[in-house]
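# Chains, contacts and geometry: an overview
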Amino acid sequence: MVAEKFHLDLRSDTVTKPTEAMRAAMASAEVDDDVLGNDPTAFQLEAEMAKIMGKEAALFVPSGTMGNLISVLTHCDIRGSEVILGDKCHIHIYENGGIATIGGVHPRPVKNNDDGTMDIDLIEAAIRDPRREIVYPTTRLICLENTHANSGGRCLSAEYTDRVGEVAKKHGLKLHIDGARIFNASVKIIIFQALGVPMDRLVRAADSVSVCISKGLGAPVGSVIVGSKSFITKARRLRKTLGGGMRQVGILCAAGLVALQDNVGNLESDHKKARTLADGLNQIKGLRVDGPVETNIAIPGSEHCEYPS
Ligand SMILES: *Cc1c(COP(=O)(O)O)cnc(C)c1O
(Lines give C-alpha, C1' and ligand atoms only; values in the text may rest on other atoms or scores of the structure.)
Protein backbone atom coordinates (compact mmCIF):
# COMPACT_ATOMS: atom_id res chain seq x y z
CA MET A 1 0.00 0.00 0.00
CA VAL A 2 1.30 3.44 -0.88
CA ALA A 3 1.14 5.86 2.00
CA GLU A 4 -1.04 8.82 1.25
CA LYS A 5 1.00 11.98 0.85
CA PHE A 6 0.38 14.28 3.76
CA HIS A 7 1.38 17.88 3.47
CA LEU A 8 1.28 20.02 6.58
CA ASP A 9 1.84 23.73 6.09
CA LEU A 10 3.23 25.28 9.26
CA ARG A 11 4.25 28.69 7.99
CA SER A 12 1.56 30.53 9.91
CA ASP A 13 -1.88 30.11 11.44
CA THR A 14 -3.12 32.34 8.61
CA VAL A 15 -2.64 29.46 6.15
CA THR A 16 -6.08 27.89 6.54
CA LYS A 17 -8.95 26.78 4.31
CA PRO A 18 -12.57 27.49 5.22
CA THR A 19 -14.40 24.42 6.51
CA GLU A 20 -17.42 22.92 4.75
CA ALA A 21 -19.61 24.46 7.46
CA MET A 22 -18.12 27.89 6.75
CA ARG A 23 -18.64 27.57 3.01
CA ALA A 24 -22.23 26.46 3.57
CA ALA A 25 -22.88 29.37 5.94
CA MET A 26 -21.34 31.79 3.44
CA ALA A 27 -23.50 30.42 0.63
CA SER A 28 -26.72 30.89 2.55
CA ALA A 29 -25.84 34.05 4.51
CA GLU A 30 -28.52 36.67 4.75
CA VAL A 31 -27.02 39.92 3.44
CA ASP A 32 -27.75 43.58 2.80
CA ASP A 33 -25.64 46.71 2.32
CA ASP A 34 -23.38 47.06 5.36
CA VAL A 35 -22.10 50.52 4.40
CA LEU A 36 -25.71 51.67 4.68
CA GLY A 37 -25.78 49.80 7.99
CA ASN A 38 -28.23 47.06 7.06
CA ASP A 39 -26.36 43.75 6.84
CA PRO A 40 -27.94 41.40 9.40
CA THR A 41 -25.11 38.85 9.38
CA ALA A 42 -22.48 41.55 9.98
CA PHE A 43 -24.58 42.78 12.90
CA GLN A 44 -24.83 39.27 14.27
CA LEU A 45 -21.05 38.73 14.21
CA GLU A 46 -20.43 42.16 15.72
CA ALA A 47 -22.98 41.58 18.49
CA GLU A 48 -21.51 38.16 19.26
CA MET A 49 -17.95 39.49 19.46
CA ALA A 50 -18.97 42.48 21.61
CA LYS A 51 -20.70 40.07 24.00
CA ILE A 52 -17.70 37.72 24.24
CA MET A 53 -15.37 40.65 24.89
CA GLY A 54 -17.69 42.37 27.35
CA LYS A 55 -17.70 45.63 25.37
CA GLU A 56 -20.59 47.78 24.16
CA ALA A 57 -20.06 47.50 20.43
CA ALA A 58 -18.00 45.94 17.63
CA LEU A 59 -17.06 46.49 13.99
CA PHE A 60 -16.01 43.99 11.31
CA VAL A 61 -12.89 45.12 9.41
CA PRO A 62 -11.08 43.54 6.44
CA SER A 63 -7.81 42.81 8.29
CA GLY A 64 -6.02 42.96 11.62
CA THR A 65 -3.76 45.66 10.22
CA MET A 66 -6.75 47.86 9.44
CA GLY A 67 -8.27 47.01 12.84
CA ASN A 68 -5.16 48.27 14.63
CA LEU A 69 -4.84 51.32 12.36
CA ILE A 70 -8.46 52.33 12.89
CA SER A 71 -8.18 51.76 16.65
CA VAL A 72 -4.99 53.80 17.05
CA LEU A 73 -6.28 56.61 14.84
CA THR A 74 -9.62 56.72 16.63
CA HIS A 75 -7.90 57.11 20.01
CA CYS A 76 -5.32 59.54 18.58
CA ASP A 77 -7.49 61.81 16.45
CA ILE A 78 -5.26 64.84 16.96
CA ARG A 79 -2.08 65.05 14.89
CA GLY A 80 1.09 64.89 16.98
CA SER A 81 -0.34 62.26 19.31
CA GLU A 82 2.10 59.69 20.62
CA VAL A 83 1.49 56.00 21.28
CA ILE A 84 3.54 53.84 23.65
CA LEU A 85 4.04 50.33 22.25
CA GLY A 86 6.42 47.39 22.44
CA ASP A 87 9.55 47.52 20.28
CA LYS A 88 8.80 44.02 18.96
CA CYS A 89 5.06 44.44 18.51
CA HIS A 90 3.17 43.87 15.28
CA ILE A 91 1.88 47.45 15.00
CA HIS A 92 5.42 48.80 15.22
CA ILE A 93 7.16 46.30 12.95
CA TYR A 94 4.76 44.70 10.47
CA GLU A 95 2.16 47.32 9.58
CA ASN A 96 4.16 49.57 7.24
CA GLY A 97 4.33 52.28 9.90
CA GLY A 98 0.72 53.06 9.00
CA ILE A 99 -0.03 54.88 12.23
CA ALA A 100 2.68 57.39 11.28
CA THR A 101 2.30 57.52 7.50
CA ILE A 102 -1.48 57.66 7.49
CA GLY A 103 -2.40 58.90 10.95
CA GLY A 104 0.39 61.31 11.86
CA VAL A 105 0.79 59.35 15.11
CA HIS A 106 4.26 59.19 16.64
CA PRO A 107 5.35 55.76 17.95
CA ARG A 108 7.24 55.60 21.25
CA PRO A 109 8.64 52.07 21.45
CA VAL A 110 9.41 50.56 24.85
CA LYS A 111 11.47 47.38 25.22
CA ASN A 112 9.49 44.15 24.99
CA ASN A 113 10.63 41.52 27.48
CA ASP A 114 10.95 37.87 26.45
CA ASP A 115 7.43 37.24 27.73
CA GLY A 116 5.88 39.97 25.58
CA THR A 117 5.34 42.41 28.46
CA MET A 118 6.86 45.87 28.82
CA ASP A 119 8.04 46.86 32.31
CA ILE A 120 5.38 49.00 33.96
CA ASP A 121 7.95 51.53 35.18
CA LEU A 122 9.35 51.87 31.65
CA ILE A 123 5.84 52.48 30.30
CA GLU A 124 5.23 55.11 32.93
CA ALA A 125 8.61 56.74 32.29
CA ALA A 126 7.78 56.98 28.57
CA ILE A 127 4.66 59.05 29.18
CA ARG A 128 5.39 62.64 28.16
CA ASP A 129 5.13 65.43 30.69
CA PRO A 130 2.23 67.56 29.42
CA ARG A 131 3.81 70.66 31.01
CA ARG A 132 6.46 70.44 28.27
CA GLU A 133 4.05 70.20 25.34
CA ILE A 134 5.87 73.05 23.64
CA VAL A 135 8.48 70.44 22.67
CA TYR A 136 6.90 67.02 23.34
CA PRO A 137 4.28 65.12 21.38
CA THR A 138 1.22 64.29 23.51
CA THR A 139 0.96 60.74 24.82
CA ARG A 140 -2.58 59.51 24.22
CA LEU A 141 -2.46 55.73 23.99
CA ILE A 142 -0.73 52.55 25.19
CA CYS A 143 -0.84 49.40 23.03
CA LEU A 144 -0.35 45.83 24.25
CA GLU A 145 -0.28 42.66 22.13
CA ASN A 146 -1.84 39.42 23.44
CA THR A 147 -0.66 36.84 22.58
CA HIS A 148 2.65 38.46 21.70
CA ALA A 149 3.65 37.04 18.31
CA ASN A 150 7.31 38.00 18.14
CA SER A 151 7.90 36.62 21.63
CA GLY A 152 6.68 33.23 20.41
CA GLY A 153 3.00 33.59 21.28
CA ARG A 154 3.40 34.44 24.97
CA CYS A 155 0.27 35.34 26.95
CA LEU A 156 -0.21 38.51 28.95
CA SER A 157 -2.18 37.89 32.15
CA ALA A 158 -5.32 39.74 33.17
CA GLU A 159 -3.41 41.10 36.18
CA TYR A 160 -0.62 42.55 34.02
CA THR A 161 -3.17 44.04 31.62
CA ASP A 162 -5.02 45.59 34.57
CA ARG A 163 -1.81 47.17 35.87
CA VAL A 164 -1.14 48.76 32.48
CA GLY A 165 -4.77 49.88 32.43
CA GLU A 166 -4.28 51.56 35.81
CA VAL A 167 -1.24 53.45 34.52
CA ALA A 168 -3.23 54.53 31.46
CA LYS A 169 -6.14 55.72 33.59
CA LYS A 170 -3.89 57.58 36.01
CA HIS A 171 -2.46 59.61 33.12
CA GLY A 172 -5.67 60.02 31.12
CA LEU A 173 -4.54 57.67 28.33
CA LYS A 174 -6.41 54.96 26.42
CA LEU A 175 -5.41 51.30 26.25
CA HIS A 176 -5.65 49.28 23.02
CA ILE A 177 -4.96 45.56 22.82
CA ASP A 178 -3.81 44.03 19.55
CA GLY A 179 -5.64 40.82 20.29
CA ALA A 180 -5.04 39.16 16.93
CA ARG A 181 -4.67 35.95 18.99
CA ILE A 182 -6.52 36.96 22.16
CA PHE A 183 -8.59 33.76 21.92
CA ASN A 184 -5.35 31.77 22.14
CA ALA A 185 -4.42 33.73 25.26
CA SER A 186 -7.81 33.17 26.81
CA VAL A 187 -7.74 29.42 26.14
CA LYS A 188 -4.24 29.14 27.51
CA ILE A 189 -5.16 31.01 30.62
CA ILE A 190 -8.41 29.18 31.21
CA ILE A 191 -7.32 25.66 30.42
CA PHE A 192 -3.60 25.40 31.10
CA GLN A 193 -3.31 27.51 34.20
CA ALA A 194 -6.81 26.75 35.38
CA LEU A 195 -7.29 30.33 36.48
CA GLY A 196 -10.78 30.50 35.08
CA VAL A 197 -10.20 33.84 33.39
CA PRO A 198 -12.90 34.43 30.80
CA MET A 199 -12.30 36.66 27.80
CA ASP A 200 -14.18 39.70 29.10
CA ARG A 201 -12.05 39.62 32.24
CA LEU A 202 -8.85 39.36 30.20
CA VAL A 203 -9.62 42.55 28.25
CA ARG A 204 -11.53 44.43 30.95
CA ALA A 205 -8.93 47.19 31.23
CA ALA A 206 -8.84 47.83 27.47
CA ASP A 207 -10.68 50.64 25.73
CA SER A 208 -10.43 48.71 22.47
CA VAL A 209 -9.37 45.29 21.22
CA SER A 210 -8.67 44.11 17.67
CA VAL A 211 -9.33 40.38 17.18
CA CYS A 212 -8.38 38.30 14.11
CA ILE A 213 -10.85 35.66 13.01
CA SER A 214 -8.59 34.71 10.09
CA LYS A 215 -5.77 33.19 12.15
CA GLY A 216 -6.21 30.20 14.45
CA LEU A 217 -9.99 30.58 14.25
CA GLY A 218 -9.77 29.69 10.56
CA ALA A 219 -12.15 32.16 8.92
CA PRO A 220 -10.97 33.19 5.43
CA VAL A 221 -11.04 36.96 5.97
CA GLY A 222 -11.31 39.57 8.65
CA SER A 223 -10.94 40.97 12.11
CA VAL A 224 -13.36 42.54 14.55
CA ILE A 225 -12.62 45.54 16.75
CA VAL A 226 -14.54 46.13 19.96
CA GLY A 227 -14.97 49.07 22.31
CA SER A 228 -17.50 51.61 23.56
CA LYS A 229 -20.41 52.71 21.38
CA SER A 230 -18.82 56.11 20.73
CA PHE A 231 -15.47 54.48 19.86
CA ILE A 232 -17.16 52.19 17.33
CA THR A 233 -19.18 55.05 15.80
CA LYS A 234 -15.93 56.93 15.09
CA ALA A 235 -14.21 53.73 13.96
CA ARG A 236 -16.99 53.00 11.46
CA ARG A 237 -16.45 56.38 9.82
CA LEU A 238 -12.68 55.85 9.68
CA ARG A 239 -13.17 52.39 8.19
CA LYS A 240 -15.05 54.05 5.32
CA THR A 241 -12.29 56.66 4.93
CA LEU A 242 -9.69 53.91 4.60
CA GLY A 243 -11.74 52.07 1.98
CA GLY A 244 -12.73 49.30 4.35
CA GLY A 245 -16.48 49.79 4.08
CA MET A 246 -17.77 46.71 2.27
CA ARG A 247 -21.25 46.12 0.95
CA GLN A 248 -22.74 42.58 1.30
CA VAL A 249 -20.09 41.72 3.87
CA GLY A 250 -22.36 39.21 5.62
CA ILE A 251 -20.87 36.62 3.25
CA LEU A 252 -17.59 36.99 5.16
CA CYS A 253 -19.14 37.50 8.58
CA ALA A 254 -21.05 34.24 8.21
CA ALA A 255 -17.72 32.39 8.12
CA GLY A 256 -16.64 34.35 11.20
CA LEU A 257 -19.71 33.22 13.12
CA VAL A 258 -18.93 29.59 12.29
CA ALA A 259 -15.32 30.20 13.38
CA LEU A 260 -16.50 31.40 16.78
CA GLN A 261 -18.89 28.51 17.17
CA ASP A 262 -16.75 25.64 15.92
CA ASN A 263 -13.11 26.59 16.26
CA VAL A 264 -12.48 28.25 19.62
CA GLY A 265 -12.70 24.78 21.14
CA ASN A 266 -9.88 23.55 18.87
CA LEU A 267 -7.31 26.08 20.05
CA GLU A 268 -6.27 24.07 23.08
CA SER A 269 -5.33 21.10 20.91
CA ASP A 270 -3.45 23.46 18.54
CA HIS A 271 -1.37 24.52 21.53
CA LYS A 272 -0.65 20.95 22.53
CA LYS A 273 0.45 20.13 18.97
CA ALA A 274 2.76 23.16 18.85
CA ARG A 275 4.31 22.05 22.17
CA THR A 276 4.78 18.49 20.89
CA LEU A 277 6.34 19.79 17.66
CA ALA A 278 8.72 22.05 19.60
CA ASP A 279 9.76 19.19 21.92
CA GLY A 280 10.47 17.04 18.85
CA LEU A 281 12.42 19.75 17.02
CA ASN A 282 14.50 20.35 20.13
CA GLN A 283 15.69 16.75 19.96
CA ILE A 284 17.16 17.35 16.49
CA LYS A 285 20.77 18.45 16.60
CA GLY A 286 21.23 22.01 15.38
CA LEU A 287 17.59 22.98 15.76
CA ARG A 288 16.24 24.92 18.67
CA VAL A 289 12.81 26.28 19.51
CA ASP A 290 13.22 28.92 22.17
CA GLY A 291 10.77 29.86 24.85
CA PRO A 292 8.03 27.90 26.53
CA VAL A 293 5.68 27.59 23.45
CA GLU A 294 2.65 28.60 25.47
CA THR A 295 0.22 28.77 22.56
CA ASN A 296 0.27 28.01 18.81
CA ILE A 297 3.58 29.58 17.76
CA ALA A 298 6.83 27.62 17.60
CA ILE A 299 9.70 29.42 15.89
CA PRO A 300 12.78 27.25 15.31
CA GLY A 301 16.23 28.86 15.34
CA SER A 302 14.82 32.18 16.33
CA GLU A 303 18.19 33.97 15.92
CA HIS A 304 17.76 33.43 12.18
CA CYS A 305 14.00 33.36 11.76
CA GLU A 306 11.24 35.61 12.78
CA TYR A 307 7.50 35.39 12.95
CA PRO A 308 6.41 35.60 9.28
CA SER A 309 4.09 38.53 10.06
C1 LIG B 1 -1.60 38.94 11.94
C2 LIG B 1 -1.48 39.97 12.97
C3 LIG B 1 -2.01 41.24 12.79
C4 LIG B 1 -2.55 41.74 11.47
O5 LIG B 1 -3.49 40.99 10.88
P6 LIG B 1 -3.67 40.97 9.26
O7 LIG B 1 -5.05 40.46 9.17
O8 LIG B 1 -2.61 40.06 8.75
O9 LIG B 1 -3.54 42.36 8.77
C10 LIG B 1 -1.93 42.12 13.84
N11 LIG B 1 -1.32 41.79 14.99
C12 LIG B 1 -0.79 40.59 15.19
C13 LIG B 1 -0.14 40.28 16.50
C14 LIG B 1 -0.84 39.63 14.20
O15 LIG B 1 -0.30 38.43 14.40
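In what follows, the accompanying structure is described. (Residues numbered from 1 in each chain as written. Predicted model: local features only at pLDDT ≥ 70, side-chain atom pairs only at ≥ 80, totals over all residues. Heavy atoms only, no water.)

Hydrogen bonding along the main chain pairs the strands of a sheet, whether they run parallel or antiparallel. Taken together, seven strands build an open sheet; the order of strands is 1-7-6-5-4-2-3 and the sheet is mixed. One side of each edge strand has no neighbouring strand; the edge strands of this open sheet are strand 1 (57-61) and strand 3 (106-110). For this sheet, the mean inter-axis angle between neighbouring strands, taken without regard to orientation, is 20 degrees. Sheet analysis places strand 5 (residues 174-178) next to strand 6 (residues 208-212), joined by three bridges and oriented parallel. What sits directly across from Asp 178, in strand 6, is Ser 210. (Pairing = 2+ DSSP bridges. Helix = DSSP H or I, 4+ residues; strand = E, 2+ residues; numbered from the N terminus. Axes fitted to C-alpha atoms, helices over the stretch in contact; angles between N-to-C directions.)

Our next topic: the packing of aromatic side chains. Tallied over the full model, the rule gives zero aromatic pairs. The ring of Tyr 136 is capped by Arg 128, whose NZ or CZ atom sits 5.2 Å from the centre of that ring. Taking NZ or CZ as reference, Arg 132 lies 5.4 Å from the ring centre of Tyr 136, over its face. (Phe/Tyr/Trp six-rings, centres within 6.5 Å; stacked < 30°, edge-to-face > 60°. Lys NZ or Arg CZ within 6 Å of the ring centre and 35° of its normal.)

The terminal C-alpha atoms of helix 11 (residues 250-263), which comprises 14 residues, lie 19 Å apart, in line with the 20 Å expected from a rise of 1.5 Å per residue. Of all 14 residues making up helix 11, 11 are buried, and the element is well covered by its neighbours. Those residues of helix 11 that fall on the buried side of the exposure criterion are Gly 250, Leu 252, Cys 253, Ala 254, Ala 255, Gly 256, Leu 257, Val 258, Ala 259, Leu 260 and Asn 263. (Expected span 1.5 Å × (residues − 1). Buried < 20%, exposed > 50% of the residue type's maximum accessible area, 1.4 Å probe, protein only.)

Counting residues in each nonpolar core, the largest one holds 38 residues, and the members touching the most others are Leu 45, Met 49, Met 53, Phe 60, Ile 182, Phe 183 and Leu 202. Counting residues per element, the ones that place at least two in this core are helix 1 (20-27), helix 2 (40-53), strand 1, helix 8 (182-192), helix 9 (199-202), strand 6, strand 7 (223-227) and helix 11. Here the element with the most residues in this core is helix 11; it accounts for seven residues. Formed by 22 residues, the second largest nonpolar core is a distinct cluster that contains Ala 57, Cys 76, Leu 85 and Leu 238. (Core = buried A, V, L, I, M, F, W, Y, C linked by side-chain atoms within 4.5 Å.)

Before going further, it helps to spend a moment on the environment of Asp 34. With respect to the helices, strands and loops of the structure, Asp 34 is situated in the loop between helix 1 and helix 2. According to the relative accessible area criterion, Asp 34 is buried, its value standing at 2%. In this structure the C-alpha to C-alpha distance between Asp 34 and Gly 250, which are 216 residues apart in sequence, comes to 7.9 Å. Dropping the residues within four chain positions of it, Asp 34 is found in contact with Asp 39, Ala 42, Arg 236, Arg 239, Met 246, Arg 247 and Val 249. (Contact = heavy atoms within 4.5 Å.)

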